[in-house]
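Now for the letters of each chain:
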Amino acid sequence: DGHKRDSAQRRILRWGTHTMQTNLIGSLILALLVAVAWIATTRHSAPELGRTLASTRAGFTACPGVTRHSLATFAEAERKPIRQKFEGRIVGDGMQKSRTVRVERLVRHPKYHKRMRLSKNFIVDDPTESTEVGDVVQIASIKPMSKRKAFEIVEVVRKVKK
């Protein structure tokens, strides 16, 4: 009877080791899936991801061929800024080196499905002051210049007829 108990305990110990290995593999797979989901759902660029992995030890234990130096080089890769671009009509020029641009868009009503015209006014930088009310311009986002001014005029699409 004692012999059976010893073999049963050995079997439990063996099974416990197997379970620990399975849990380790499962947790690594789960970490990989979480990382892939995070990359897919967020708008992080490759250099940001490199910096994130470089700052964590998990990136090195999971990927033995990856070194801090290789990730740092990857993180320093040139980043292209993401810029919002809109096209709108200038509705105000009462400020110096700034214009008010109204951007209109069509949106379907969620219940009635009628197309509605929604508009938003942007304060836009115009250092040359070459535009006037009525011009159709293309604007793009820049680093904020003041509380409300974070766009600049990229090009004049159509000048107003005088």
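Structure's up top.
Remember, it's a predicted structure, so these values are computed and weren't measured experimentally.

### Some thoughts on the overall build of the protein
Secondary structure summary: the protein contains four helices and five strands in total. Along the chain direction, N to C, the helices and strands of the protein fall in the order α-α-α-α-β-β-β-β-β. A total of 162 residues make up the protein; the buried ones form 20% of that total. Restricting the contact set of the protein to residue pairs at least 6 apart, pairs at least 24 apart contribute 50%.

### Considerations on the sheet that holds strand 1 (residues 85-92)
Taken together, the five strands give a closed barrel; going around it, the order is 1-2-3-5-4, and neighbouring strands pair in mixed fashion. The average undirected angle you get between the axes of adjacent strands in this sheet is 50 degrees. Note that strand 4 (residues 136-141) and strand 5 (residues 149-158) share six bridges and pair antiparallel. Bridge assignment links Ala140 to a residue of strand 5, and that residue is Glu152.

### Comments concerning the pattern of salt bridges
This structure, assessed with the given rule, holds five salt bridges. Between Arg117 and Glu104 there is a salt bridge whose closest N-O contact spans 3.5 Å. One end of the pair, Arg117, is in strand 3 (residues 115-125); the other, Glu104, is in strand 2 (residues 98-108), with 13 residues separating them in the sequence. In this structure, Asp125 and Lys149 form a salt bridge, with 3.4 Å as the shortest nitrogen-oxygen distance. Placement of Asp125 in strand 3 and of Lys149 in strand 5 is noted, with a sequence separation of 24 residues between them. Note on accessibility: Asp125 and Lys149 belong to one class, buried.

### Description of the side chain of Asp126
You can see Asp126 is positioned in the loop between strand 3 and strand 4. At a separation of 2.7 Å, a polar atom in the side chain of Asp126 contacts the side chain of Thr131. Apart from residues lying up to four places away in sequence, Asp126 is in contact with Lys97, Ser98, Arg99, Thr131 and Ile153.

### Here's the deal with a nonpolar patch on the surface
A surface patch of nonpolar side chains, amounting to about 300 Å² of accessible area, comprises Ile25, Ile29 and Leu33. Locating Ile25 in the fold gives a position in helix 1 (residues 2-41).

### Concerning the packing of aromatic side chains
For the coordinates displayed, the defined rule picks out three aromatic pairs. Ring centres of Phe86 and Phe122 lie 5.3 Å apart, and the angle between their planes is 20 degrees; on these two criteria the pair is classed as stacked. With a gap of 36 residues between them, Phe86 in strand 1 and Phe122 in strand 3 connect regions that are remote in the sequence. With relative accessibility at 11%, the residue Phe122 sits in the buried group. Consider the rings of Phe86 and Phe151, whose centres lie 5.9 Å apart with planes at 45 degrees: the pair is tilted. Of this pair, Phe86 sits in strand 1 while Phe151 sits in strand 5; the two residues are 65 residues apart in sequence, bridging distant segments of the chain.

The rules behind each value
- Residues numbered from 1 in each chain as written.
- Predicted model: local features only at pLDDT ≥ 70, side-chain atom pairs only at ≥ 80, totals over all residues.
- Heavy atoms only, no water.
- Helix = DSSP H or I, 4+ residues; strand = E, 2+ residues; numbered from the N terminus.
- Buried < 20%, exposed > 50% of the residue type's maximum accessible area, 1.4 Å probe, protein only.
- Contact = heavy atoms within 4.5 Å.
- Pairing = 2+ DSSP bridges.
- Axes fitted to C-alpha atoms, helices over the stretch in contact; angles between N-to-C directions.
- Salt bridge = Lys/Arg side-chain N within 4 Å of Asp/Glu carboxyl O.
- Polar contact = N/O pair within 3.5 Å; in protein donor to acceptor, adjacent residues only side chain to side chain.
- Patch = residues over 30% accessible without salt bridge, like charges linked within 9 Å, V, L, I, M, F, W, Y side chains within 5 Å.
- Areas by Shrake-Rupley, 256 points an atom, 1.4 Å probe, with all protein chains shown as cover.
- Phe/Tyr/Trp six-rings, centres within 6.5 Å; stacked < 30°, edge-to-face > 60°.

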